[in-house]
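Summary of the model geometry
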Amino acid sequence: MASKHRSQHGIAGAIAACTALGVAESLSAIDSTSPTIVEAAGLTFIDRFAATLKDVAVAVFGTHHKSALIIGTWLVIIGLATAASSSPKRSRRNFTLLVAVIGVVGLAAFLTRPLSNAPLGVIAITAGLVTGLVLHRHLLRITTPATSDKEPSFERPGEALGNRRQFMLVAGSAIAGTAGATALATTVRRRSLNSEPAVTAPLPTPSTSTPPIENTLDGIDGITPFITPNSDFYRIDTALVIPKVDPSTWSLTIDGMVDRPQTLTYQDLIEASTEVETVTIACVSNEVGGNLVGNATWQGVRLADVLDRAGIQQGASQIVGHSVDGFTAGMPTATALDGRVALIATAMNGTPLPQRHGFPARLIVSGLFGYVSATKWLSRIELTTWEATDGYWIPRGWSKEAPVKLTSRIDVPQRSSISAGVTPIAGIALSPSIGISRVEVSINDGPWQSAELGDHSNDNTWVQWHLPWHATNGDHIIRVRAIDNDGNAQDETPRSVAPDGATGYHRRRVTVG
Ligand SMILES: Nc1nc2c(c(=O)[nH]1)N[C@H]1C(S)=C(S)[C@@H](COP(=O)(O)O)O[C@H]1N2
Ligand SMILES: [Mo]
């Protein structure tokens, strides 16, 4: 009897918690520019544990793991509620206590997120708490009708059956209602979040006529295309939900150690977006041979021009990009002024920046890893000293200076087993802002052979390379290495991504026959 009550009390806790979460989530999901309660908890978790997770963090920030974090949060809360509610004697007290603690922690997490809709969050959490407590009490009353929260002295069989039926009915409706409301709210929210912003202004005609890329090696089957389509471009960020920015109210501030702080509206920025540059950007978390790298044509305003108008003060040695969701990335001021491509970008491959890539504006700096430069959903550019502050990832164990490392990758043959005959070996090599001068391939530790290079007139992009290979039967190891335009050879020592980027040669094993 005791264990039956224990499990029914536990189930009451689980159902009440689930319903409470459903109410809080559905209500807080209404504003798609704000995180929901559970998303806020997940974002706080990311900020808190990103450092501990280190390389694992890369995985956490991948899209799939974001859903896992949301689902995990639900499961943990429901699990805690089940445990707290299980004791037949202290079910009510423990459950109330737990719900109060989760409510306070949830509210604190929510209110400290930069994009949270505070009034909506307070309403959502209050409604969730009240629903959860009322439902829990009600379910307990059905479980133990005679003496509300105490073990009943005896139970007539018919009464027990009736209670059980009533318990199932209330519990079932609560779960069905929660599932329905949450599914509806999530669908509406997702639709709103996934819709790309309506283009409010046409992009201006580029002031520079960039020469078209003459000889890409796109014709080689399986090679990475020279330009990465927006839909295939890698995405890395700490945003559990992509910030949705309204361009009509958004503005970009340039302040800190400047003589004339600036405020630019979306319209201002679009009108000035006459620079067009093709630049490869890469993530520090990209392993040798990895896919966290992409090449796009960016349109925007030269960062140096905007800074010039603001007037950089003496000693302002760091530029810190701030995003609407609180992310920051800091780089040496010199990188914006040394002649390399450094843009406030508003468009990517001919369309306004996609939401996931930073709409309405982001920074793109050739030759620096994304985490120190490429702030998406940009809201502020702050000029400060190098010592004054650190970007998001620096206290989390990543290097403050982070130039992109010279690297190369084998894309073709795509399969690990191919048939004999002449077949291409091909891939990409990159060292943005310096450029690639040579790519070499070695088969089975044989001599390094120079590969043919695709267009490499632009030092800011990756270079496609190709070597025809007469493949003979057997197992082969293919290796690649690159040399940059400064004459530096690719670092051969295998190193993982932390703290400032992976090194080593990419190799592929291919079985021919
Ligand atoms: N607001 C914001 N901007 C950000 C990040 C982020 O987490 N938040 N991540 C940076 C990192 S680590 C990288 S590698 C690039 C990736 O840009 P992409 O997602 O457009 O490829 O964005 C950078 N800009
Ligand atoms: Mo990154």
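Residues numbered from 1 in each chain as written. Chains lettered and ligands numbered in written order. Predicted model: local features only at pLDDT ≥ 70, side-chain atom pairs only at ≥ 80, totals over all residues. Heavy atoms only, no water.

When pLDDT is averaged across the protein, the result is 91; 92% of the residues are at 70 or more. For the stretch residues 55-60, pLDDT sits under 50, and the model shows 13 contacts to residues farther than four places along the chain or on other chains. Note that residues 147-153 has pLDDT below 50 and, in this model, 16 contacts with residues that lie over four places away or in other chains. (pLDDT = per-residue confidence, 0-100. Contact = heavy atoms within 4.5 Å.)

Attention shifts here to the packing of aromatic side chains. Within the structure shown, the criterion is met by eight aromatic pairs. Consider the rings of tryptophan 250 and tyrosine 266, whose centres lie 6.4 Å apart with planes at 80°: the pair is edge-to-face. Taken together, the residues tryptophan 250 in the loop between α7 (157-194) and β1 (251-256) and tyrosine 266 in helix α8 (residues 266-272) connect sequence positions 16 residues apart. Members of the aromatic cluster, joined through ring pairs, are Phe233, Tyr234 and Trp298. (Phe/Tyr/Trp six-rings, centres within 6.5 Å; stacked < 30°, edge-to-face > 60°. Helix = DSSP H or I, 4+ residues; strand = E, 2+ residues; numbered from the N terminus.)

What follows deals with the side chain of serine 116. One can find serine 116 in the loop between α5 (91-111) and α6 (118-143). For serine 116, a relative accessible area of 18% translates into the label buried. Within the local environment of serine 116, its side chain forms a polar contact with the backbone oxygen of phenylalanine 110, the two atoms lying 3.0 Å apart. One polar contact links the side chain of serine 116 to the main-chain carbonyl oxygen of arginine 113, over a distance of 3.1 Å. Setting aside anything within four residues of it in sequence, one finds serine 116 in contact with Ser34, Pro35, Phe110 and Leu111. (Buried < 20%, exposed > 50% of the residue type's maximum accessible area, 1.4 Å probe, protein only. Polar contact = N/O pair within 3.5 Å; in protein donor to acceptor, adjacent residues only side chain to side chain.)

It is worth spelling out the sheet that holds strand β17 (residues 463-471) at this point. Strand order in this open sheet of four strands is β11-β13-β17-β16, and the pairing throughout is antiparallel. Looking along the sheet, the strands with just one partner apiece sit at the ends: β11 (407-412) and β16 (452-453). The sheet contact formed by strand β13 (residues 421-430) and β17 spans nine bridges and is antiparallel. Along β17, the bridge assignment pairs glycine 421 with alanine 471. (Pairing = 2+ DSSP bridges.)

Around ligand 1 lies a shell of 19 residues, among which Tyr234, Thr238, His357, Arg362 and Lys376 are the nearest. In the model, an oxygen atom of ligand 1 is placed 2.7 Å from a nitrogen or oxygen of the arginine 362 side chain. Compared with its free state, where it exposes 530 Å², ligand 1 has 98% of that area covered by protein. Taken together, the residues of the shell around ligand 1 break down into nine nonpolar, five polar and five charged. (Near = heavy atom within 4 Å. Areas by Shrake-Rupley, 256 points an atom, 1.4 Å probe, with all protein chains shown as cover. Nonpolar A, V, L, I, M, F, W, Y, C, P; charged D, E, K, R; others polar.)

When the charged atoms of two side chains lie near each other, side chains of opposite charge can form a pair. Under the defined criterion, the tally for this structure stands at 15 salt bridges. We note a salt bridge from arginine 235 to aspartate 237, for which the minimum N-O separation is 2.8 Å. The burial state of arginine 235 is the same as that of aspartate 237; both residues are buried. Shared partners join several salt bridges into a network, and the residues in it are Arg235, Asp237 and Lys376. (Salt bridge = Lys/Arg side-chain N within 4 Å of Asp/Glu carboxyl O.)

What follows covers the sheet that holds strand β19 (residues 506-512). What holds strands together in a sheet is hydrogen bonding between their backbones, with the strands either parallel or antiparallel. As summarised here, the arrangement of the five strands in space is β12-β19-β18-β14-β15, forming an open sheet in which the pairing is mixed. At either margin of the open sheet sits one strand with a lone partner, and together these are β12 (417-418) and β15 (449-450). Direction of pairing for β12 relative to β19: parallel, over a ladder of two bridges. The residue of β19 that forms the bridge with isoleucine 418 is valine 512.

For the rest of this paragraph, the subject is unusual backbone geometry. Look at the link from phenylalanine 359 to proline 360: it is a cis peptide, with omega at 10°. Position of proline 360 among the secondary structure elements: in the loop between β8 (351-352) and β9 (362-365). The backbone of tryptophan 377 sits at a positive phi, close to 50°, despite the residue not being glycine. Mapped onto the elements of the fold, tryptophan 377 is located in the loop between β9 and β10 (378-384). A relative accessible area of 2% places tryptophan 377 in the buried class. One non-glycine residue, serine 433, adopts positive backbone phi at about 85°. Within the secondary structure, serine 433 sits in the loop between β13 and β14 (436-443).

Let's shift gears to the environment of glycine 128. Inspection of the secondary structure puts glycine 128 in helix α6. For glycine 128, a relative accessible area of 3% translates into the label buried. Residues glycine 128 and leucine 21, spaced 107 residues apart in sequence, show a C-alpha to C-alpha distance of 6.1 Å. Contact partners of glycine 128, with chain neighbours within four places excluded, come to Ala20, Val23 and Ala24.

The geometry of α5 relative to α6 is characterised by a closest axis approach of 10 Å and an angle of 170° between their N-to-C directions. Relative to α6, the element α5 lies roughly antiparallel. Between α5 and α6, the contacting residues are Ser91, Arg92, Phe95, Thr96, Val99, Gly103, Gly106, Leu107, Phe110 and Leu111 on the first element and Ala118, Gly121, Val122, Ile125, Leu129, Gly132, Leu133, His136, Arg137 and Leu140 on the second. In the contact of α5 with α6, the residues fall into 11 nonpolar, seven polar and two charged. (Axes fitted to C-alpha atoms, helices over the stretch in contact; angles between N-to-C directions. Parallel < 35°, antiparallel > 145°, perpendicular 65-115°, else oblique.)

Residue placement: histidine 466 occurs in strand β17. Residue classification places histidine 466 among the buried residues on the basis of a relative accessible area of 15%. For histidine 466, the side chain forms a polar contact with the side chain of glutamate 452, separated by 2.8 Å. If sequence neighbours within four positions are ignored, histidine 466 has contacts with Leu217, Ile220, Pro424, Ile425, Ala426, Ala451 and Glu452.

Here the focus is the environment of glycine 367. In this fold, glycine 367 is placed in the loop between β9 and β10. Residue classification places glycine 367 among the buried residues on the basis of a relative accessible area of 6%. Sequence separation between glycine 367 and asparagine 460 is 93 residues; the distance between their C-alpha atoms is 7.3 Å. What glycine 367 contacts, discounting residues up to four positions off in sequence, is Arg340, Ala402, Pro403, Val404, Pro432 and Ser433.

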